[in-house]
Amino acid sequence: MPLEIWINGTGFGETILLKWEEGDAICGGIVDCYCSPNKETGGFDILEWLDEIGIEQLRFAVATHPHLDHLQNFHHVLKRRGKEMDAFYYWGVLDWAMWVDYFERLLDNRANQKKPGLVEKAEHARELLAEAGQLSRGSMKLCSVGGYTRIFPLAGKNSSIEVYSFSPWEKGRFKFLSHVGASIDRSGGVTEGVTDANAVSVGLLVKFGRSEIVLGGDVETPNWHAFRASGRCPKLNPCLVKVSHHGSKTGRIKEMWSGGFFRSEERRVGKECRSRW
């Protein structure tokens, strides 16, 4: 069975599913989640989608960064299928419990309560990390992500796919952390929430046999440059690239396509890898 990549909503709102075979089981991974309640069934589209495409065991989940279009109702995936998962990965910078406290303080601020978009983002981020924290008390690992590191499978586990992070890097994390600090007033309240969350967006490299897939999240120019300059950047020859930041100019560097960042030979999605969007 080839690796299948299902991409839904590459504009505002993004959900990416990976599907592959491990022995007799059909396994999956989810990168980001943006879904709404299904008014006809009373459930959630993403959970029905997982069932429809036949994912029997959801092995991992990744929340690339705290923007609503990448985490709306993600916590419902963890509530329903989190006990199947080996690991949940997120953007880091702060411990998950500190993030839950941060978003609760943001929601407690009366001035913020007049900003529905901000409130909605904080509620979904808080619920996601709170649920992940609860699951981490069982067998699921809760891991922050940074730099170029193999994140899946976990040590001692087997899988026919490998997943590496390639972002965020130190400068982006420090920039984001400074924004977190600036948003906290002297009384400990959170004034308006963090900005520029793309500075800590996770980017992923998926390897399956000889095939490589790049999932860019909302990685922006500074982290692409940091990856390239890190000395740890492999020669990439992807058969599929999900461009960063919904195709924005800030989500790429010119060397990506013409300066040797990706190998220049043309490859197409083939027998090992099948994509759907």
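Described below are features of the structure shown in this document. (Residues numbered from 1 in each chain as written. Predicted model: local features only at pLDDT ≥ 70, side-chain atom pairs only at ≥ 80, totals over all residues. Heavy atoms only, no water.)

With that settled, consider the pattern of salt bridges. Under the definition given, this model contains ten salt bridges. When the shortest N-O distance is used, the salt bridge between Arg105 and Asp101 registers 2.7 Å. In this pair, Arg105 and Asp101 are both assigned in helix H3 (residues 96–108), four residues apart and thus about one turn of the helix distant. For Arg105, a relative accessible area of 36% gives the class partly exposed. The salt bridge partner of Glu162 is Arg150, with a shortest N-O separation of 3.1 Å. Here Glu162, found in strand E10 (residues 161–167), pairs with Arg150, found in strand E9 (residues 149–152); they are twelve residues apart in sequence, far enough to count as distant. (Salt bridge = Lys/Arg side-chain N within 4 Å of Asp/Glu carboxyl O. Helix = DSSP H or I, 4+ residues; strand = E, 2+ residues; numbered from the N terminus. Buried < 20%, exposed > 50% of the residue type's maximum accessible area, 1.4 Å probe, protein only.)

The next subject is the packing of helix H2 (residues 74–81) against helix H4 (residues 116–135). Relative orientation of the contacting elements H2 and H4 amounts to 20 degrees, with a least axis distance of 8 Å. Judged by the inter-axis angle, H2 sits roughly parallel to H4. Our pair here, H2 against H4, has a crossing hand that is left-handed. Across the interface between the two elements, Phe74, His75, Leu78 and Lys79 from H2 touch His124, Glu127, Leu128, Glu131, Ala132 and Leu135 from H4. Looking at the contact of H2 with H4 residue by residue, the class counts come to five nonpolar, two polar and three charged. (Axes fitted to C-alpha atoms, helices over the stretch in contact; angles between N-to-C directions. Parallel < 35°, antiparallel > 145°, perpendicular 65-115°, else oblique. Left-handed = near helix turned anticlockwise from the far one by under 90°. Contact = heavy atoms within 4.5 Å. Nonpolar A, V, L, I, M, F, W, Y, C, P; charged D, E, K, R; others polar.)

Moving on: the sheet that holds strand E12 (residues 211–215). Ordered by their spatial adjacency, five strands build an open sheet running E9-E10-E11-E12-E13, and the pairing between neighbours is mixed. Edge positions in the sheet fall to E9 and strand E13 (240–242), since each of these pairs with one other strand and no more. Between one strand axis and the next, the sheet turns through 25 degrees on average, direction left out of account. Pairing between E12 and E13: three bridges, direction parallel. Considered in E13, the bridge of Val214 is made with Val241. (Pairing = 2+ DSSP bridges.)

Closest axis-to-axis distance for the helix H1 (residues 45–52)/H2 pair is 9 Å, and the angle between their directions is 50 degrees. Of the possible angle classes, the one that applies to H1 and H2 is oblique. Contacts between H1 and H2 involve Ile46, Leu47, Leu50 and Asp51 on the former and, on the latter, His76, Val77, Arg80 and Arg81.

What follows deals with the pairing of strand E11 (residues 203–208). Put simply, side chains in a regular strand alternate between the two faces of the sheet. In terms of residue burial, E11 counts as a mostly covered element, since five of its six residues are buried. Across six bridges, E10 lies against E11 in antiparallel orientation. Counterpart to Tyr164 in the pairing with E11 is Leu205. Bridge count between E11 and E12: five bridges; the pairing is antiparallel. Counterpart to Lys207 in the pairing with E12 is Glu212. Here E11 folds back onto E12 in antiparallel fashion, the turn holding two residues, of which Gly209 has a positive phi close to 60 degrees.

What follows deals with the environment of Phe44. With respect to the element layout, Phe44 can be found in the loop between strand E4 (33–34) and H1. The sequence separation of Phe44 and Val77 amounts to 33 residues, and the corresponding C-alpha distance is 8.9 Å. Sequence-distant contacts of Phe44, defined by excluding residues within four places in its chain, comprise Cys35, Ser36, Pro37, Asn38, Asn73 and His76.

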